[in-house]
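# Fold and geometry: a report
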Amino acid sequence: MRLHRLEVEGFGPFRSRQVVDFDAFADDGIFLIGGRTGAGKSSILDAVCFGLYGGVPRYDGGEKRLRSDHCEPDDPTSVAVEFSTVAGRFRVTRSPSYERPAKRGGGMTTQAPSASLEELTDAGWVGRAARVVDVANELADILQLSQEQFLQVILLAQNRFADFLLADSRERQKLLRRLFGTERFEDYQQRFDERRRLAEQSLAARRATIEARLEEAERIATDAELWGDSGPAAGGATTEERLETLQRALARAEYRAERLAAERADAEKRLEAADAALTELTRQREAQTERDRARAALAALDAQADEIAADRRRRDLGRAAEALRGVIAAARRAQAALADAERGESEARDALPAAVAAACRQTETDGDLPPAAEGSGDVTRLRAFASDLTRESGAWQRAAELEQRSADRERELAEAEQEAAAAGERITALQAERAELPGRIAELTAERDAARRAGDRAEDLARAVEDARTCRAAAAEVARLDDEIAAAERRLAELTTAHAEAQTALARLRQRRLDGFAGELATALVPGEPCAVCGATEHPSPAEHADPVSAEDIADAEARRDDAARAERQAESRLGERRAERAAAAERSRGLSPSAAEAVLETASAAHAEAEAAAERALALDAALARCTAQAEDVERRQTEAAQEQAAARERLALLRQTAEDAQRAIAAARGAHATVADRLAEAGAHIHAATRAADAIEDRLVRETAAADADADLAAALETSPFGDTAEVEAALLPAAEIARLDDRITQHAVQREKERGILLELELLTLPEEPIDLAPATAAAAEARAAWIAAVEAAGRIDGVNAALAAAIDGAASEHRVSAADTADYETIRGLADAVAGRSGNTHRMNLETFVLAAELEEIVDAANLRLREMSSGRYRLQHSDALAARGAASGLGIVVHDAYTGQTRPARSLSGGETFLSSLALALGLAEVVTARAGGIRLDTLFIDEGFGSLDADTLEIAMRTLDELRQGGRTVGVISHVEAMQEQIPAQLTVRTLPDGPSVVEAAFRTS
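Not measured: the values here are computed from a predicted model.

So, about the overall build of the protein chain. Looking only at helices and strands, one finds 23 helices and 17 strands in the protein chain. By principal-axis analysis of the C-alpha atoms, the protein chain measures approximately 185 × 135 × 60 Å. Across the 1012 residues that make up the protein chain, the buried fraction comes to 36%. Considering only intrachain contacts with a sequence separation of at least 6, the fraction spanning at least 24 residues in the protein chain is 75%. As displayed, the protein chain has an accessible area near 56400 Å², and 51% of this comes from carbon and sulfur atoms. A gap of 3 Å separates the mean positions of the 129 positive and 181 negative side-chain charges of the protein chain.

This paragraph deals with the sheet that holds strand β1 (residues 2–9). Pairing between the strands of a sheet is mediated by backbone hydrogen bonds and can be parallel or antiparallel. Here we have six strands laid out as an open sheet, ordered β2-β1-β4-β5-β8-β9, and antiparallel in their pairing. The open sheet has two edge strands, β2 (18–21) and β9 (124–129), and neither has a second partner. Averaged over all pairs of adjacent strands, the angle between strand axes in this sheet comes to 20°, irrespective of strand direction. Note: β1 against β2, four bridges, orientation antiparallel. Looking at the pairing, E7 lines up with V19 of β2. Each of β4 (78–85), β5 (88–95), β8 (114–121) and β9 is contacted by helix α2 (residues 132–143), which is oriented at about 45° to β8, the strand it contacts most.

Bringing the pattern of salt bridges into the picture now. Opposite charge on two side chains permits them to pair, given that their charged atoms come into close proximity. What the rule picks out here adds up to 45 salt bridges. Here E280 ties to R283 by a salt bridge, and the two come within 2.6 Å at their closest N and O atoms. Of this pair, E280 and R283 both sit in helix α7 (residues 239–302), three residues apart, which is roughly one turn of that helix. A salt bridge links D901 to R877, with the nearest nitrogen and oxygen atoms 2.9 Å apart. Placement of D901 in strand β12 (residues 896–901) and of R877 in the loop between α20 (850–873) and β11 (878–883) is noted, with a sequence separation of 24 residues between them. On the basis of relative accessibility, which here comes to 3%, the residue D901 falls in the buried class. Residues participating in the shared-partner salt-bridge network are E477, R480, E484, E577, R578 and E581.

Before going further, it helps to spend a moment on the packing of aromatic side chains. Applying the stated criterion across every chain yields a total of six aromatic pairs. Here F25 and F31 contribute two aromatic rings whose centre-to-centre distance is 4.3 Å and whose plane-to-plane angle is 15°, an arrangement assigned as stacked. Each of the two residues, F25 as well as F31, counts as buried. Taken together through their ring pairs, the aromatic side chains of F22, F25, F31 and F946 make up a single cluster. The lysine or arginine in question, R91, covers the ring of W125, its NZ or CZ lying 4.3 Å from the ring centre.

Direction vectors running N to C along α7 and helix α18 (residues 737–765) enclose 145°, while the axes themselves pass 9 Å from each other. Crossing of α7 over α18 shows left-handed handedness. On the side of α7, the interface is formed by A287, E290, R291, R293, A294, R295, A297, L298, L301 and D302, while α18 contributes H750, Q753, R754, E757, R758, I760, L761, L764 and E765.

Below, the discussion takes up the nonpolar core. One finds L6, L52, F83, F164 and L880 to be the most contacted residues of the largest nonpolar core, which totals 86 residues. At nine residues, helix α21 (residues 915–936) tops the list of elements feeding residues into this core. Look past the residues within four positions of L52 in its chain and what remains in contact with it is M1, V81, F83, V92, R94, L139, L143 and F150. If you look at the next biggest cluster of nonpolar residues, it comprises 24 residues, including V379, I688, A694 and A697.

We now examine the pairing of β8. Here six bridges tie β5 to β8, and the two strands are oriented antiparallel to one another. Bridge pairing in β8 places R91 opposite E118. As paired strands, β8 and β9 are joined by five bridges and run antiparallel to one another. Following the sheet pairing, T121 is matched in β9 by G124. Following β8, the chain reverses through two residues before pairing antiparallel with β9.

This part covers the sheet that holds strand β13 (residues 906–909). Ordered in space as β11-β12-β13, the three strands form an open sheet in which the pairing is antiparallel. Each edge of the open sheet carries a strand with a single partner, namely β11 and β13. For this sheet the average axis-to-axis angle between neighbouring strands, irrespective of direction, equals 40°. Note: β12 against β13, four bridges, orientation antiparallel. Bridged to D901 within β13 is Q906. Packed onto the sheet, α20 meets β11 and β12 and runs at close to 175° relative to β11.

On to the side chain of E7. Its place among the elements puts E7 in strand β1. A polar contact of 2.9 Å, which involves the side chain of E7, links it to the side chain of R5. At 2.8 Å, the side chain of E7 forms a polar contact with the side chain of R17. The residues contacting E7, other than those within four sequence positions of it, are R17, Q18, V19, S78, V79 and A80.

This paragraph deals with the confidence of the model for the protein chain. With 90% of its residues at a pLDDT of 70 or more, the protein chain shows a mean pLDDT of 79. Note that residues 365–373 has pLDDT below 50 and, in this model, three contacts with residues that lie over four places away or in other chains.

Reading the values: the criteria
- Residues numbered from 1 in each chain as written.
- Predicted model: local features only at pLDDT ≥ 70, side-chain atom pairs only at ≥ 80, totals over all residues.
- Heavy atoms only, no water.
- Helix = DSSP H or I, 4+ residues; strand = E, 2+ residues; numbered from the N terminus.
- Buried < 20%, exposed > 50% of the residue type's maximum accessible area, 1.4 Å probe, protein only.
- Contact = heavy atoms within 4.5 Å.
- Areas by Shrake-Rupley, 256 points an atom, 1.4 Å probe, with all protein chains shown as cover.
- Lys, Arg positive; Asp, Glu negative; His and termini not counted.
- Charge placed at Lys NZ, Arg CZ, Asp CG, Glu CD.
- Pairing = 2+ DSSP bridges.
- Axes fitted to C-alpha atoms, helices over the stretch in contact; angles between N-to-C directions.
- Salt bridge = Lys/Arg side-chain N within 4 Å of Asp/Glu carboxyl O.
- Phe/Tyr/Trp six-rings, centres within 6.5 Å; stacked < 30°, edge-to-face > 60°.
- Lys NZ or Arg CZ within 6 Å of the ring centre and 35° of its normal.
- Left-handed = near helix turned anticlockwise from the far one by under 90°.
- Core = buried A, V, L, I, M, F, W, Y, C linked by side-chain atoms within 4.5 Å.
- Polar contact = N/O pair within 3.5 Å; in protein donor to acceptor, adjacent residues only side chain to side chain.
- pLDDT = per-residue confidence, 0-100.

Structure below.
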């Protein structure tokens, strides 16, 4: 993988668009990224990582401050990285999530993160993906490196450089797991443990089942007394022995079952014979009883013959009389209806008014009527009178309605007059209101325009307030940083003194160690054995070891010296950062003191508040002006409506007056000689009702006379064909329907029952049964005795059959489960062995599980690759060693790294190395790790490498070694970028990328190439 180009805008310390052309450094092969502390050197690597992976390693677990603090609200934030792999040349562009001004409605809104991926083809740049998730998926296939792998093999970020070397086993295991993706081995371990647990549970359950079935079988055999003389298997017997004993008990149960089955069959035969004899005697005894009953019943039925004959005669007469009941009732109803009709006619004639009677007589003399029955002429005259009067009164009905609404018409007329007058008054009032509005509108317009001019300065004044706030905050920050810088300078002086003291103490210990080497060698001399220095076997005057200094004392002093140096460097770095922050804050404060900045802020705030108040007043005046304008339009509209209402009221008044005059003329014509039209209509209605009632009564009487004559004729004809002489005889013979049905049922039932009893008696007489009753007691006792014997035999056979079946089932189940458990036991032992081996249990004294074993193999290869470079860097003195020593506190063994020192021939922890030694060892280990990781990722070629680490901790000789190593890295076309502010490196590396801070705060990137 090779990086070609980086473009950043609004990212980190970079506000404006900055471009880094990595291809420009390809000829040199190595370039330096320099600049003052805090300028943004590491932000270049942050931008590369963000562009490729959407994340920044320095912000892991913290606030992701990707957008530049120097950006204005409308400034964009984006990162574009152009790179190439074996798959081609690509360009990825990303933008993080940040706050920006909303396009509508004011305020701020969150800009969603975005990403796009392009590929360079013959036709130019072609889009591959345009969503964040799609870009991530595409890059995973193209890069073939995770972000963690990228940070370990390409971008060796600050503060993470020596993590791998100095990490403990747990931390190193986490890092290697992420790099090599060995989580699957942990999954294998969990699956094996789960299989072991399931197999163990299954085996335990099967063994429990076997024991339960054996115990059940032994309980059944004990309850049934099937053990014989031997008894059950003794305690501690094996499963096979217990099964063998139970098989013998089962054989005894089967023999007992055969014997009891034979006894049950004999008892069943005896029971069948006794039941058959009892059944036959019972049948004969029942036949005797039925024969005697039939004889008595037939005699009783014959004694009722006379009563049945009388009932039959009474029933027949009742049926004949019932046939005449309806004819008699119809004749009587017709006579009663005729009498009612005659009374109604008389009453209707008497109720006729004299005027109606006179009018009907006048009609009789006016014309000839056709001949009809008595009274039919009166009906015709009465109906003609009612019809004529009904037609005449219909014309008066409209006049009566007009007469009834006279009061309403007068009220409507008065209301119309009032509406016309009110409309005129509203028109006058609206004209006066309209004349006042133009002056008010002109006054509000002038006041509104003045407020607008004052409020238009609010936005400019708001920016002035914000600038004043920034200035005040910067002035306060300058004061705070002055105190922090003074404290940091004091702390740096203290740490510098401590470093010097630690260096002096180390030098003294080393001198004491050299001075005491003779005494130290003398302590190892043994009489008779050769001296390690001169080879003599006699040691007449060995030196004394009066002031012993061990290698551990030297190592402890070196560690204290290194800690003091590290603390001094950190204090120096913090002091530089505070000074840079103070310079930036002083520039933002414009040289003002906190009190002066506060006064500027108060003045700007007051002016801004006045402008905002004027803007709010302008809005209120706008609303008031709009209301006045709307009021003028409303007055105009209401005046038009009032004029329309006045015209409509006048038109309605004229129409109502004309309608009232027409109604009075119609009422006078319809009233005639009566007081009101209603009185005349009431009188006409009464006459019509009386005439109609009389005509209806006469017609009803004529109809009833005809019906009565017809009913009398029908009754006379019916009596002639009946067995009765008159209606009195018919009424005497009438019976209720229920009584007739009862008599009929009794006659029929008597005949049927007599025939039935005769048939039963004839059949029983043919059996020639004895007259004396048969005794059933002896046969019943014999049958009961046989049944009791049979029940006892069945119960005994059933019990032994149940015991036999339950015992056989328990034995078969136990035997079957026992056979299966043997195979389950073998499977369980195999699975348990595999699970323990994968998890590092049982005989694994190093507690190294499968994943750790794989990672240990990878670590061995990494250490071998690192030693190839460390041997050259340390002139053969140091060599890293993979350690599988037992780890403390339960950690997995096999992931340790120690350092072998060729000068002492001893190994020691990596943490005992000095700062420069740690740097060289970490660099060698990082390069070895990079080679192994890229090999595991498919042999990816790494054409670009970045190192961001403290070269300032190296002395001149170590720095020279590091430079030679970096020079070797650029061989084969590789480009190496180094971040450092060490002057020696700036002198040795001509190609440089400088990050410089501008006076107003943001940083810019500048490329420079010096000739060597």
